[in-house]
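# Summary of the model geometry
The lines below spell out each chain.
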Amino acid sequence: MIHPDDHRGWGLVNTAEGSGWVSLRFLTRQAGQWAGAIPPVAHCGGTEPFWSFEVTGETLSYDAMAGGARDYRITQSGPAQGRRDSFHMIAEGPQGAAIATLAARACSDGMSDRGYGLAVDFLLQGNDGWQHQTGCCSLSH
């Protein structure tokens, strides 16, 4: 994924478990790139408390150290209105709803030195209301 910086000719590129800035003159635009589709997110997670979710097809599988795994069916996903660098996923399951908003920007999980190119805000509905968690995402597991 490339997030163009129109003023300086640089793009933020996500690759494997990292991200970095490259000059756009060394890149070739791929067909369908930035066509408004959500990037193929595979894994998102955060720390304190530790949590993560995996995306496989239309399933979002959430896991936290406390509480165990929960599966949700993704019912909607797409870009923010008028934006090409911000996306959302809405999922539903027996425990309630889950909402993820993703932004194409540099992200750190706060514990490792890993850099990511997608940041996530994750809202999880439960018996005691909503939880708001933040973290980073990658395009691979």
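Everything below is about the structure printed above this text.
What this report covers is the structure whose coordinates are included nearby. (Residues numbered from 1 in each chain as written. Predicted model: local features only at pLDDT ≥ 70, side-chain atom pairs only at ≥ 80, totals over all residues. Heavy atoms only, no water.)

## Considerations on the sheet that holds strand β8 (residues 86-93)
Around the barrel, which closes on itself, the eight strands sit in the order β4-β5-β6-β7-β8-β9-β10-β11 with antiparallel pairing between neighbours. Neighbour-to-neighbour, the strand axes of this sheet turn through a mean angle of 30°, independent of strand direction. Relative to strand β10 (residues 115-126), strand β9 (residues 96-108) runs antiparallel, the two sharing nine bridges. Opposite C107, over in β10, you have Y116 as the bridge partner. (Pairing = 2+ DSSP bridges. Helix = DSSP H or I, 4+ residues; strand = E, 2+ residues; numbered from the N terminus. Axes fitted to C-alpha atoms, helices over the stretch in contact; angles between N-to-C directions.)

## Overview of the state of the cysteines
Inspection of every chain in the model, using the stated rule, returns two disulfides. At a sulfur-sulfur separation of 2.0 Å, the disulfide partner of C107 is C136. Of note, the bridge from C107 to C136 carries an S-S torsion of about -80° and is left-handed in sense. A residue pair is termed long-range when its members are at least 10 positions apart, and C107 in strand β9 and C136 in strand β11 (residues 129-138) qualify at 29 residues. (Disulfide = S-S within 2.5 Å.)

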